[in-house]
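# Structural overview
Here is what each chain is made of, one letter per residue.
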Amino acid sequence: DDELETDLSNFEAMKQVFMQNIADAKKTTEQKEQVDEIAEIEMLEQMELTQNSVVKDIKLNDRNCILNCQIVHERYLNADIDAASTQNTLYPLLLIHGFADSRKTWNRLLPKLASYEQAVIAVSLKGFGDSRCLLEDDEKCAYSVEEYALDLVALLDALNIAKCIWMGHDFGTFVCLQAAIHHRVRVHKLVLFAPSSTLPQQIGNKWIAKIKNARNQNELVMFVQNMRNLTMHMKNDDGYVQQMLDECNKCDRNILCKVLESMMRFDCANELKHIQQCPTYILMGNNDEIFEANDMYQIHRSIKSSTVSGFDKVGHYLHWDKTIISKITLTVWDFCRQ
């Protein structure tokens, strides 16, 4: 009887191990199928983007610059919004990157936006990516928040766009807020990723010193990586963050310093009252390591018609985080079509 009881006990243990192995195998299969499904969706989205987008260098003679843009659904750029409203055609969406980035910062978001009937313009600001100043003496070329807003107003003129939705990240939110305050007629709505109303002097001066002390371009790129605390964003990533860092190799340190100086001079906190009625959507990572959450919420409180969404376990570059990019796209789309 004792031997029989032992055999039954061993059998039950073996059965439990066997059943657990089956469950683990099923879970692994389901996870693989889910990964394969996501990969297939991403491939189809990328194909959609390739078929419906074009990269252009747009020369703005009055602004003495050439802006490199990727335009999605170009046919909707000048659509009659009222007449097409029943077809979900929306105001064009202008995407403005952050400090030391380029239009490619939106590469994870663009394929998903391409699935909607909305024109999108991702632009590299002057001095970033493949955009450049046309003046031979670069010292005469302005790299301030105010001048960048004027560049983009001129870009809208060149594309025959009267009004659009301005969407920015980081430094790009400075430009968006400047446009809304001083060029309100050109702004339909604002979408702000990790916004701030200014750059604190102690932070800006520290960064400028680091940039000036970098002995070569590699050290400059390393500083940008450390400044952004990108180690957090590189976890479980497929090299996307490194692609964004590669864009830093196109940055001139003098231009970076000028932009930081402009960010420190810029302070729109007291001017936000002028755009209280501008529909605004603020997205923030609850673990933002660069801009303070208090400042983002202060922008929210100052713009009465704004809403805010916080994302847990996400930092400053929430539009790079592939775990939430689908959710971000849906929330932005819902806001745009309201």
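Figured I'd write up the structure that's included with this text. Per chain, the residues get numbers from 1 upward, laid out in the order the sequence is written. This being a predicted model, a pLDDT of at least 70 is required before a residue's local features are given, and a value of 80 or more before pairs of side-chain atoms are given or counted; all residues contribute to the totals for chains, interfaces and linings. Hydrogens and water are ignored here; the side-chain numbers use all heavy atoms of the structure.

A word on the pairing of strand β9 (residues 306–311). The pairing of strand β8 (residues 280–285) with β9 spans six bridges and is classified as parallel. Directly across from L283, in β9, lies its bridge partner S309. By convention a crossover is right-handed if, when the strands point away from the viewer, the path from the first strand over the helix to the second runs clockwise. Secondary structure elements are defined from DSSP: runs of H or I of at least 4 residues count as helices, runs of E of at least 2 residues count as strands, and each element is numbered from the N terminus. In this fold, the crossover linking β8 to β9 by way of helix α11 (residues 293–302) has right-handed handedness. By this definition, two strands are paired if DSSP reports at least two bridges between them.

On to the pairing of strand β1 (residues 53–60). Residues in a regular strand project their side chains so that they alternate between the two faces of the sheet. Pairing of β1 with strand β2 (residues 65–72), which is carried by eight bridges, proceeds in the antiparallel orientation. Paired with K59 across the two strands is I66, which belongs to β2. In sequence, β1 turns back onto β2 through a hairpin of four residues, with N64 there showing a positive phi of about 55°.

By this rule, a helix spans an expected 1.5 Å times one less than how many residues it contains. Its 14 residues give helix α4 (residues 145–158) an end-to-end C-alpha distance of 20 Å, which sits within 8% of 20 Å, the value for a rise of 1.5 Å per residue. A 1.4 Å probe rolled over the protein chains alone gives each residue an accessible area, and that area as a share of the maximum for its type sets the label: buried under 20%, exposed over 50%, partly exposed in between. Considered for burial, the residues of α4 that qualify are V145, Y148, A149, D151, L152, V153, A154, L155 and L156. Residue N160 follows α4 closely and has a positive phi angle near 60°.

This part takes up the side chain of D321. Residue placement: D321 occurs in the loop between β9 and α12 (325–337). Look at D321: it is buried, it has no salt bridge, and the nearest opposite charge is R108 at 6.8 Å. What D321 contacts, discounting residues up to four positions off in sequence, is R108 and V314. Counted as positive: Lys and Arg. Counted as negative: Asp and Glu, with His and the chain ends omitted from the count. Put simply, a salt bridge is a Lys or Arg side-chain nitrogen that is within 4 Å of an Asp or Glu carboxyl oxygen. Whether two residues are in contact is decided by their heavy atoms, any of which lying within 4.5 Å being enough.

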